Amino acid sequence: MDQEFQQQFAKMEMDGSVHDRSVNDLRTELDVQRANLDMISLTNPGVVEQYERRKNEIEALTKTLEDREKATRRVEREIKNARDRWQPALEQLVASIGKKFSAAFDRIGCAGEIRISPHDDYDKWAIDILVKFRDNEKLQLLTGQRQSGGERSLTTILYLMSLTEEARTPFSLVDEINQGMDQRAERAVHNSLVEVTCKPDSAQYFLITPKLLPDLDYHERMKVLCVNNGEWLPETPGLGNMNRMIENFVQLNRDRVSRDRSSRAG
């Protein structure tokens, strides 16, 4: 007899409840137990095996989940430690660049600001550039649609100039950056560019442009290269030499000044 039933009968004998049940009650209970036994015997014999297999799978998956959660927490700690090291340095660098950027905009009567745009995905971190070109405006994010081409060019060159003192590149090159600017902005940008890039510790800076305004600021560390090209160039060798033309122009000015002085003296 099953041990569980033995214990149950022993308990009934001890508390006297076995004598409270009639023969019919006992027979009914016996039939019920036999019916339960028949149901168990008719059950799929592979159920226990499936149960054990599923149980093992659940235990294995639970362990895998715990291991991955531990690994996730470890990676999160490593990311936080790394971020705590580089984020303050990044914020300091951006603040330094932003200070120069805002000062450059102040010099031309406009307003500009740069700030870090963080994101949960580190690939989507960005530098936001905000500008204001009119007094009745608020600072707005620089986009390809909101500002005009000249305003975008002006912002770009001022941003590059702000980077110049922080960057460690051997040289920078901008092509036709002054196109679309009004004369006031172009003159202010050119003079600021000369001031920033002609310092003794500055790297080389190349400005390619088809035209320049008259009476701009120049520096002895600057070199102007004029490229002549087109179908009207003279075919005679030496004719149209730019250096010679400049020398002749200078000499003509000197002769004119000398004649003027002689005329006043006479």
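All residue numbers here refer to positions counted from 1 along the written sequence of the relevant chain. Local features in this predicted model are restricted to residues of pLDDT 70 or higher, and side-chain atom pairs are both shown and tallied only at a pLDDT of 80 or more, whereas totals for entire chains, interfaces and linings draw on every residue. Side-chain descriptors were evaluated using all non-hydrogen atoms of the structure, hydrogens and water having been removed beforehand.

J.: I'd like to hear about the nonpolar core, residue by residue, with values.
T.: Phe-101, Phe-105, Ile-114, Leu-154, Ile-157 and Leu-158 are the most contacted members of the largest nonpolar core, which has 24 residues in total. Here a strand is any run of E in DSSP of at least two residues, a helix any run of H or I of at least four, and the numbering for each starts at the N terminus. Among the secondary structure elements, those contributing two or more residues to this core are α3 (47–107), β2 (126–132), α4 (149–164) and α5 (183–197). We call a set of buried residues a nonpolar core when its members are Ala, Val, Leu, Ile, Met, Phe, Trp, Tyr or Cys and they connect through side-chain atoms within 4.5 Å of each other. Exposure categories follow from relative accessible area, calculated using a 1.4 Å probe and restricted to protein chains: below 20% of the type maximum is buried, above 50% is exposed, and the middle band is partly exposed.

J.: Describe the packing of α4 against α5, listing the residues and the values that go with them.
T.: Two numbers describe how α4 lies on α5: the axes approach to 11 Å, and their chain directions differ by 15°. Relative to α5, α4 is oriented roughly parallel. Of the two possible hands of crossing, α4 and α5 adopt the one that is left-handed. Touching Leu-154, Ile-157, Leu-158, Met-161 and Thr-164 of α4 are Ala-185, Val-189, Ser-192, Leu-193 and Val-196, all from α5. Residue classes in the contact of α4 with α5 are distributed as 8 nonpolar, 2 polar and no charged. For helices, the fitted line uses only the C-alpha atoms of the stretch in contact; every axis is such a line through C-alpha atoms, and the angle between N-to-C directions lies from 0 to 180 degrees. Roughly parallel means an angle under 35 degrees; roughly antiparallel means over 145; roughly perpendicular covers 65 to 115; every other angle is labelled oblique. Each crossing gets its handedness from the near helix: less than a right angle anticlockwise from the far helix is left-handed, clockwise is right-handed. Here, two residues are considered to be in contact whenever any of their heavy atoms come within 4.5 Å of each other. Gly is put with the polar residues, along with every residue not named as nonpolar or charged; the nonpolar set is Ala, Val, Leu, Ile, Met, Phe, Trp, Tyr, Cys and Pro, and the charged set is Asp, Glu, Lys and Arg.

J.: Residue-level account of the pairing of strand β4 (residues 171–175), with values.
T.: At least two DSSP bridges between two strands are required for those strands to pair. Bridge count for β4 against strand β5 (residues 204–208) is 5 bridges, and the pairing is parallel. Counterpart to Leu-173 in the pairing with β5 is Phe-206. With the strands pointing away from the viewer, any crossover whose connection runs clockwise from the first strand over the helix to the second is right-handed. Between the parallel pair β4 and β5, the chain is carried across by α5, and the sense of this crossover is right-handed.

J.: Go over unusual backbone geometry, please, and point to the residues and values.
T.: Positive phi outside glycine occurs at Asp-215, with the angle close to 60°. By secondary structure assignment, the location of Asp-215 is in the loop between β5 and α6 (242–265). The class of Asp-215 is exposed, set by a relative accessible area of 73%.

J.: Can you explain a nonpolar patch on the surface? Please cite residues and give values.
T.: Patch definition: residues above 30% relative accessible area lacking any salt bridge, with like charges linked at up to 9 Å and the nonpolar side chains Val, Leu, Ile, Met, Phe, Trp and Tyr linked at up to 5 Å. Shrake-Rupley sampling with a 1.4 Å probe provides the accessible areas, and residues are treated as covered by the protein chains on show and by no other component. The term salt bridge refers to a pairing of a side-chain nitrogen on Lys or Arg with a carboxyl oxygen on Asp or Glu at a separation within 4 Å. Where nonpolar side chains cluster on the molecular surface, the patch consists of Val-75, Ile-79, Trp-86 and Tyr-122 and spans about 330 Å² of accessible area. Mapped onto the elements of the fold, Trp-86 is located in helix α3.

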